[in-house]
Amino acid sequence: MRLLVLLSALLIATASWAADLGYQKDVAVKSPTRLDWIFVLANQSLPEAPAEWLGKYDSTNQRYDYFAPEKPAAPKEGRAAILFISAGNEPAGWKNFEATCRKQGIVFASPHGAGNNTPMPQRVRIILDVLDDLRQREKIDPDRTYIA
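Reading guide: rules and limits
- Residues numbered from 1 in each chain as written.
- Predicted model: local features only at pLDDT ≥ 70, side-chain atom pairs only at ≥ 80, totals over all residues.
- Heavy atoms only, no water.
- Helix = DSSP H or I, 4+ residues; strand = E, 2+ residues; numbered from the N terminus.
- Buried < 20%, exposed > 50% of the residue type's maximum accessible area, 1.4 Å probe, protein only.
- Contact = heavy atoms within 4.5 Å.
- Pairing = 2+ DSSP bridges.
- Axes fitted to C-alpha atoms, helices over the stretch in contact; angles between N-to-C directions.
- Core = buried A, V, L, I, M, F, W, Y, C linked by side-chain atoms within 4.5 Å.

Considering the environment of I127
- Summarising the element assignment, I127 is placed in helix α5 (residues 120-137).
- Judged by relative accessible area, which is 14%, I127 ranks as buried.
- As for I127 and Q62, which are separated by 65 residues in sequence, their C-alpha atoms are 9.9 Å apart.
- When sequence neighbours within four positions are dropped, the list of residues in contact with I127 reads L83 and I85.

This is the structure we're talking about:
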């Protein structure tokens, strides 16, 4: 009986791990960024962002397309990552980076709603929300993180 329970738990864990691999559309940001996004815009760390900067933006409603490589990361180093910011409001860039990401085991993400027409404070927040979410999902090497 114990063996059956153990095998069932292993099967469930393996299935949930496998579901996190490959290309996924419309992944939700789990929580607001821990990065000091205000400094990027204000050139100083303020306790709170001015109210007009974000309007009704909610980090947990932010979505992005995401690729999690099946190739295991090297034990002591993190994965390389590409965060592609489209000029339009739809995620883009995956077709251009797909072969390289799959072959080299590179994480890829592209946010929804972060195009050139998005107000700059909100655009910065979206980008850093997605970047921080990637860092919570994967061990990302900061020296091999590319924003395009």
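The structure having been displayed, the exposition proceeds.
Some points on unusual backbone geometry
- Of note, the phi angle at D26 is positive, near 65 degrees, even though the residue is not glycine.
- Judged by its relative accessible area of 38%, D26 is partly exposed.
- Of note in the backbone geometry, N43 takes a positive phi value of approximately 65 degrees without being a glycine.
- Mapped onto the fold, N43 is located in the loop between α2 (37-42) and α3 (51-54).

Points about the sheet that holds strand β2 (residues 63-68)
- The strand order across the open sheet formed by five strands is β1-β2-β4-β3-β5, and the pairing between neighbours is mixed. Every interior strand has two partners, whereas the edge strands, β1 (22-28) and β5 (140-147), have only one. On average, each strand axis in the sheet is inclined to that of its neighbour by 20 degrees, with strand direction left out of account.
- Sheet topology note: the strand β3 (residues 79-83)/β5 ladder contains four bridges and is parallel. Considered in β5, the bridge of A81 is made with T145.
- Docked against the sheet, α5 engages β1, β2, β3, β4 (107-111) and β5, running at close to 35 degrees with respect to β2.

Considerations on the nonpolar core
- Residues W37, Y64, Y66 and L83 are the most contacted members of the largest nonpolar core, which totals 25 residues.
- The element best represented in this core is α5, accounting for seven residues.
- Ranked by size, the runner-up nonpolar core spans eight residues in total, among them F67, W94, C101 and F108.

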